[in-house]
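# Examination of the molecular architecture
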Amino acid sequence: MDIKKIEKFIKSRKYPLYHINQIQRAVYKNYVDEWSKATSLPLQLREELSLKIPILSFSPSKILISGKSDAVKAALKLRDDLSVETVLLKLKPGHFSTCVSVQVGCAVGCPFCATGKTGLKRNLTAEEISDQILFWKQHINREGLEGDLKNIIFMGMGEPFFNYEAVKKTIKILNNRDLFNIGQRHISVSTFGYVPKITQFAKDFPQANLAISLHSVSDEIRQKLVPLSGKFKLEKLSTAIKNYLQITNRKIFIEYVLLSGINDSAKKAKKLALWLRNAAPAKYFAVNLIPCNSVSKSFSAPSPEKVKLFQNTLLDYNINATIRKSLGRDIKGACGQLAYKPF
Ligand code: SAH
Ligand code: SF4
């Protein structure tokens, strides 16, 4: 829902302006999913809204729940019939996070990522992005799930920094006390390393979390894994990291997908540690190791022993490193498994 559209509508129809606040409360505090349930509004207004302004800018076409119920994936049909996926994750009891999509497809083209294989179809609007959060809030409310949606992760389909204005607008909607009231510290944005926007993001949202998908500290290998990184070489990325830290003084999350036989040796872990320590003191980094979730035959995850060795090598160099639990693999809702084709 776009609150600006509601304001315009209320004004043009000459309804009293206090209905705007009532609508805001009904949608963002009580999570009504149909206007007929917004009983604080007069009947006529409810009926007009039902005909003219849908609460969500898409309709969910399918919902899949993982075997352990700790991940739920939804396919959302947009108004132009394209689809995106979004995931709700229960990382601890009573504490939900959502992974939202920002584009239909992605132009970066990482060969190990299902989204990258399809190319870019289009950007999502801020309304379509923020509605994913609204959709999950409604879901939690409707299903009577215990807990609340606390963290928003921009790690679904697409590259957030290639749709920067919409992402910026979404974060402002999230921060707005009258709407979602979710603070910057609860928001994380992940980029493949689009250098031109890293400093901008630091200036716009110095308290939000930044994650950079690094995957390799060799330009040659990285260019194969992240094709567009050829334009933003590691040296430039290192400078962008330094600038980011100067502005925010905040820890950066480094994502590293572990691909068997490609970037998973202990020697490569050592190189990664040294590269990071050359960019900034070790305390400024938290490395998330993501054993590859399979989307094609060409890429697979290393053995658990190899993953552990990689982690321990980083720890030996005082680099904080954790192995990411991949929730929702059984419903293809884990990192890199989201695709625009409805499942
Ligand atoms: N485009 C942004 C954000 C979306 S991708 C980015 O690349 O950072 C979110 C994360 O999922 C990235 O770190 C990406 O490298 C990771 N990922 C993609 N495919 C994956 C796969 N098959 N297995 C595990 N992680 C994957
Ligand atoms: Fe795009 Fe991120 Fe997938 Fe790469 S990993 S193709 S940047 S969504």
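So, how was this worked out
- Residues numbered from 1 in each chain as written.
- Chains lettered and ligands numbered in written order.
- Predicted model: local features only at pLDDT ≥ 70, side-chain atom pairs only at ≥ 80, totals over all residues.
- Heavy atoms only, no water.
- Buried < 20%, exposed > 50% of the residue type's maximum accessible area, 1.4 Å probe, protein only.
- Helix = DSSP H or I, 4+ residues; strand = E, 2+ residues; numbered from the N terminus.
- Right-handed = clockwise from strand over helix to strand, strands pointing away.
- Pairing = 2+ DSSP bridges.
- Contact = heavy atoms within 4.5 Å.
- Polar contact = N/O pair within 3.5 Å; in protein donor to acceptor, adjacent residues only side chain to side chain.
- Domains from an automatic or database assignment.
- Buried area = accessible area lost by both parts, 1.4 Å probe.
- Salt bridge = Lys/Arg side-chain N within 4 Å of Asp/Glu carboxyl O.
- Axes fitted to C-alpha atoms, helices over the stretch in contact; angles between N-to-C directions.
- Parallel < 35°, antiparallel > 145°, perpendicular 65-115°, else oblique.
- Left-handed = near helix turned anticlockwise from the far one by under 90°.
- Nonpolar A, V, L, I, M, F, W, Y, C, P; charged D, E, K, R; others polar.
- Near = heavy atom within 4 Å.
- 1 Å grid on protein atoms, 1.4 Å probe; cavity = no way out; pocket = protein on both sides within 12 Å on 5 of 7 lines; lining within 4 Å.
- Sits in = over half its atoms within 2 Å of the grid points.
- Core = buried A, V, L, I, M, F, W, Y, C linked by side-chain atoms within 4.5 Å.

### Re the pairing of strand S11 (residues 285-291)
Every other side chain in a regular strand lies on the same face of the sheet, so the side chains alternate between the two faces. With respect to burial, S11 is a largely interior element, 7 of its 7 residues being buried. Every second residue of S11 is oriented toward a common face, with Phe285, Val287, Leu289 and Pro291 on one face and Ala286, Asn288 and Ile290 on the other, all of them buried. Handedness of the crossover joining strand S10 (residues 252-258) and S11 through helix H9 (residues 266-279): right-handed. The pairing of S11 with strand S12 (residues 320-323) spans 4 bridges and is classified as parallel. Residue pairing in the sheet places valine 287 in a bridge with alanine 321 of S12. Between the parallel elements S11 and S12, the chain passes through helix H10 (residues 304-316) in a crossover that is right-handed.

### As for the environment of threonine 322
Within the element layout of this structure, threonine 322 appears in strand S12. The exposure class assigned to threonine 322 is partly exposed, which follows from its relative accessible area of 39%. On a C-alpha basis, the gap between threonine 322 and glutamate 85 in space is 26 Å, while along the polypeptide they are 237 residues apart. Setting aside residues no more than four positions away along its own chain, threonine 322 makes contact with Val287, Asn288, Leu289 and Gln311. In this structure the side chain of threonine 322 is engaged in a polar contact, spanning 3.1 Å, whose partner is the side chain of asparagine 288.

### Focus on the domain arrangement of the chain
According to the domain assignment, the chain consists of domain 1 (3-52) and domain 2 (58-331). Just the C-alpha atoms count here: the centres of domain 1 and domain 2 sit 35 Å apart. Residue-level contacts link 10 residues of domain 1 with 10 residues of domain 2. With both sides pooled, the region where domain 1 packs onto domain 2 buries about 940 Å², and carbon together with sulfur makes up 53% of that total. Contact with domain 2 buries surface across domain 1, with Tyr28, Tyr31 and Asp33 losing the most and accounting together for 57% of the total. Put simply, domain 1 and domain 2 have 2 salt bridges between them. The salt bridge partner of aspartate 33 is arginine 142, with a shortest N-O separation of 2.7 Å. Here domain 1 is connected to domain 2 by 7 residue pairs in polar contact (both at pLDDT 80 or more). Contributing elements (two or more residues each) for the side of domain 1 that touches domain 2: helix H1 (3-12) and helix H2 (18-28). For the side of domain 1 that touches domain 2, the element with the highest residue contribution is H2, accounting for 3 residues.

### Considering unusual backbone geometry
One non-glycine residue, aspartate 81, lies in the positive phi region at around 75°. Its identity is not glycine, yet asparagine 181 carries a phi of approximately 55°, on the positive side. Within the fold, asparagine 181 resides in the loop between helix H5 (164-175) and strand S8 (187-191). Residue class for asparagine 181 comes out partly exposed when judged on its relative accessible area of 45%.

### Things to note about the packing of helix H4 (residues 126-143) against H5
Packing of H4 against H5 brings their axes to within 8 Å, and their N-to-C directions diverge by 40°. Judged on the interaxial angle alone, H5 and H4 are oblique. The interaxial crossing formed by H4 with H5 has right-handed handedness. Between H4 and H5, the contacting residues are Ala126, Ile129, Ser130 and Ile133 on the first element and Ala166, Lys169, Thr170, Ile173 and Leu174 on the second. Classifying every residue of the contact of H4 with H5 by side-chain character gives 6 nonpolar, 2 polar and 1 charged.

### Focus: the site of ligand 2
Within the structure, ligand 2 sits among Cys106, Val108, Gly109, Cys110, Cys113, Gly116, Gly158 and Phe192. One can see that ligand 2 is located within the largest cavity. Of the residues assigned to the shell around ligand 2, the class counts are 5 nonpolar, 3 polar and no charged.

### Points about the sheet that holds S11
A sheet is described by the order of its strands in space; here 10 strands give the open sequence S1-S2-S3-S4-S7-S8-S9-S10-S11-S12, paired in mixed fashion. Pairing within the sheet leaves two strands with one partner each, and these edge strands are strand S1 (58-65) and S12. On average, each strand axis in the sheet is inclined to that of its neighbour by 25°, with strand direction left out of account. Note: S8 against strand S9 (residues 209-213), 4 bridges, orientation parallel. Bridging from a neighbouring strand, serine 190 pairs with alanine 211 of S9.

### Focus: the nonpolar core
Counting residues in hydrophobic clusters, the biggest one holds 113 residues, and the most contacted among them are Trp35, Phe154 and Phe201. Residues lining this core come from more than one domain, with at least three contributed by each of domain 1 (3-52) and domain 2 (58-331). Non-local contacts of phenylalanine 154, meaning those with residues more than four positions away in its chain, are made with Val100, Val102, Ile129, Pro160, Val167, Thr170, Ile171, Leu174, Ile187, Ser188, Val189 and Ser190.

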